[in-house]
Amino acid sequence: MTVTQGSRGRQSTAATTTTTTALAPAPARPRRRRMSSQLDCLLTQMGTGKWSILHFLALSYVSLFTGPITMGGAFLAPRLDYSCRVPSSSSSTTTSSISPVSSSSVASSVASFTSECQYTIDTPDGAKIEDCVEFDFDNSTFSTTFTSEFQLACGRQYLQTSFQSMYMFGIFVGAPVNGFMADKFGRKPLVVSGVVCYVALALGSAWLPFLSTVLAARFILGCLHAVCNFSSYVLMIEVMEPKLRTACGFVFYNAWALSLVLYGGLGYLIRDWRVLQTVVTLPGLLLLPALWFLDESPRWLIVSGRSEDAIRVIRRAARWHGADLPPEDELRHLTEGEPQEAQKEAEERSLLNVVKGVIGEALVLLRTPRLRTITLCLYLNYLVAAMVYFGLSLSGTSLSDSPFVYMVLSGLMEVPAYTLCGPIVQRFGRKRTLAVLFLTSAIVLLALPTIPSAYSSTVVTLAMIGKVAITGCLQTVIFYSSELLPTEVRSRGIGTSFMMSRIGGMVSPFITDLVGTFHPWAPFVVFGVGALMAGAVTLLLPETRGKTLPETVAQLEARAKEAPVKQTKVPRIFSCLA
């Protein structure tokens, strides 16, 4: 099959890259692999033009307005100092002064901002202890927050932490459901409906009057986050020419980093939590017109047996790129649907089967010794990397005098992590790089509690070093896992590993807010020990640089029994996947 390039097109002879192999859902039939290779060749020779650039910009833009909502706990529901507010009716009925139950006697009229949860009242019958039901919060940094508006202190403090955890729980639930729906109904319907619903709910939830409805909205937003971001990423990868997929993946994540920088600036200017959430969501409205021009993934259309729709999308892309397509018979041969049995399997899939499959797939990943070692090590790496990443990202109020500057720096530090991950991993290997990054994170985190609070610049500097390292860990482990797992179980292995990362994201706010309330040093010790353990188990994994990807579990086990061989040198390209 040949494609001639038009005046605006770009000639290329590359057919596919290792990135395509690593990220392809598996196991794959020979027919599917031939179709995938031919389609990659067609996309390569059509080159990059207006059609692919439109999809890349629109789908990358999704991260710009989902990022601030994801990190909403930093400014919308921060941990605040507070003091007990004694009801005026109580003070009028007492015969003597009212004082908090504490070793430090502070008058109730003074804004001490200490964590007092009870107070005593001297009555004719003796001293009476009352629980605080109203609190005065420190509003020196924020004017109004979710925390202060709903009086989330003492026994209700866990609800403040739940503001962030409910979003992560939503991602945990939404990710496997999104995978099922994207495979069954297509990528574009999920992206369009997800973005519209996400923007509408984010705007509406900013003005909900009840705590329970706000938390419920956070959970639904988390579910929609999986629909928006994951489906957008998959669609972008499937429409880009193969040699640019990895680079586009890095830029996709850099858009996320940019959103955190913008969030820090907007947080500094807007101190009301409801107004801030409204403002950071408004940019999502700019994406809505672009959704009209997006096309469905031709790869998914071919697999689903919709060859006519696939041809129409390919023709549109060729027209926008100025490229000439092969003859009609060759194009139709390329877009022939999957065998009937494959289509029947896809139609018989149900959501219940997908949920059952997640449990079954996790057990499959533990059935052989080598695969079991790889799976457990990856689970720990994903869990710890996400836990530390969100722990550092949401610690601005405890590590810095200005949480807004901290957020801006946090976003800026992710840029070198995303950008340099590819060349470093390619040069030094996956295993060594990941272990060193985890070790660097552990050293920084364990050092933070020993730095006096007076040295705030030193604390922030160490935190930023840790942020670069743990962001690099997240990027490296994602690409590393796609090479470690054999094709036969790759998609299910990566899918369940991402679920473990969401568990880490859910646990992280409770460690930083609840544990940190009683022992400010404890969260960093927990994160540091976790990073140290993750780095240690990484040493149990095999190096994959310069090696062909295993196709089956049996092949993986056979390799483990073979004597180690000297690795071959591979070309240096801008990719974490050689």
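Residues numbered from 1 in each chain as written. Predicted model: local features only at pLDDT ≥ 70, side-chain atom pairs only at ≥ 80, totals over all residues. Heavy atoms only, no water.

A look at the overall build of the chain
Assigned secondary structure in the chain consists of 24 helices and 7 strands. The buried share of the chain, reckoned over its 578 residues, is 51%. Taking as baseline every contact in the chain between residues at least 6 positions apart, the subset at least 24 positions apart corresponds to 81%. Of the roughly 24700 Å² of accessible surface on the chain, a fraction of 64% belongs to carbon and sulfur atoms. (Helix = DSSP H or I, 4+ residues; strand = E, 2+ residues; numbered from the N terminus. Buried < 20%, exposed > 50% of the residue type's maximum accessible area, 1.4 Å probe, protein only. Contact = heavy atoms within 4.5 Å. Areas by Shrake-Rupley, 256 points an atom, 1.4 Å probe, with all protein chains shown as cover.)

Topic: the side chain of Arg274
Considering the arrangement of structural elements, one finds Arg274 in helix α10 (residues 273-281). Of the residues examined, Arg274 reaches a relative accessible area of 10% and is grouped as buried. A polar contact of 2.6 Å, which involves the side chain of Arg274, links it to the side chain of Glu149. Excluding residues within four positions of it along the chain, Arg274 makes contact with Glu149, Phe150, Ser205, Ala206, Trp207, Leu208 and Pro209. (Polar contact = N/O pair within 3.5 Å; in protein donor to acceptor, adjacent residues only side chain to side chain.)

Points about a nonpolar patch on the surface
Together, Leu439, Ile443, Leu446, Val529, Leu532 and Met533 make up an exposed nonpolar region whose accessible area comes to about 520 Å². Residue assignment for the nonpolar patch shows that the elements contributing at least two residues are α20 (430-447) and α23 (522-538). Residue position: Leu532 is located in helix α23. On the basis of relative accessibility, which here comes to 41%, the residue Leu532 falls in the partly exposed class. (Patch = residues over 30% accessible without salt bridge, like charges linked within 9 Å, V, L, I, M, F, W, Y side chains within 5 Å. Salt bridge = Lys/Arg side-chain N within 4 Å of Asp/Glu carboxyl O.)

Things to note about the environment of Gly204
Structurally, Gly204 is set in helix α7 (residues 187-205). In this structure the C-alpha to C-alpha distance between Gly204 and Ala217, which are 13 residues apart in sequence, comes to 9.0 Å.

A word on the confidence of the model for the chain
Close inspection of predicted coordinates is inappropriate in any region flagged by low pLDDT. Considering every residue of the chain, the mean pLDDT works out to 79; 80% of them sit at 70 or more. Per-element confidence in the chain ranges from a low mean pLDDT of 33 for helix α1 (residues 18-23) to a high of 95 for α10. (pLDDT = per-residue confidence, 0-100.)

Concerning unusual backbone geometry
Although it is not a glycine, Gln151 adopts a positive phi angle of roughly 55 degrees. Judged by relative accessible area, which is 18%, Gln151 ranks as buried. You will see that Cys154, though not glycine, has its phi angle at about 55 degrees, which is positive.

Observations regarding the state of the cysteines
Note: disulfide means a covalent bond formed between the sulfur atoms of two cysteine side chains. Under the defined criterion, the tally for this structure stands at 2 disulfides. Sulfur-sulfur distance for the disulfide between Cys84 and Cys132 comes to 1.9 Å. For the disulfide bridge between Cys84 and Cys132, the dihedral angle about the S-S bond is near -110 degrees, and by the sign convention the bridge is left-handed. Linking Cys84 in strand β2 (residues 82-84) with Cys132 in the loop between β5 (126-131) and β6 (135-137), this pair joins segments that are 48 residues apart in sequence. For Cys132, a relative accessible area of 10% puts it in the buried group. Along the chain, the cysteines engaged in disulfide bonds are linked according to the scheme 1-3, 2-4 when indexed in sequence order. Cysteine Cys473 remains unbridged, with the sulfur of Cys421 as its closest cysteine sulfur at 9.6 Å. Looking at Cys473, the relative accessible area reads 0%, which means it is buried. (Disulfide = S-S within 2.5 Å.)

Details of the pairing of β5
Across 6 bridges, the pairing between strand β4 (residues 118-123) and β5 is antiparallel. By the bridge assignment, Gln118 is partnered in β5 with Asp131. (Pairing = 2+ DSSP bridges.)

Remarks on the layout of surface pockets
Considering only enclosed or pocket space, the second largest pocket measures out at about 980 Å³ in volume. Lining the second largest pocket are 44 residues, and of these Arg79, Ser395, Thr397, Ser398 and Leu399 sit closest to its centre. Top element by residues in the lining of the second largest pocket is helix α22 (residues 490-518). It accounts for 5 residues. (1 Å grid on protein atoms, 1.4 Å probe; cavity = no way out; pocket = protein on both sides within 12 Å on 5 of 7 lines; lining within 4 Å. Points joined across faces, edges and corners; volume = space filled by probe spheres on them.)

Structural notes on the packing of aromatic side chains
Inspection of the entire model under this criterion finds 21 aromatic pairs. Put simply, the rings of Phe75, Phe142, Tyr263, Tyr268 and Phe404 pair up and form one aromatic cluster. The aromatic ring of Phe163 is capped on one face by Arg218, whose charged end is 4.2 Å from the ring centroid. A cation over a ring is seen here: Arg427 above Phe428, with NZ or CZ 5.2 Å from the ring centre. (Phe/Tyr/Trp six-rings, centres within 6.5 Å; stacked < 30°, edge-to-face > 60°. Lys NZ or Arg CZ within 6 Å of the ring centre and 35° of its normal.)

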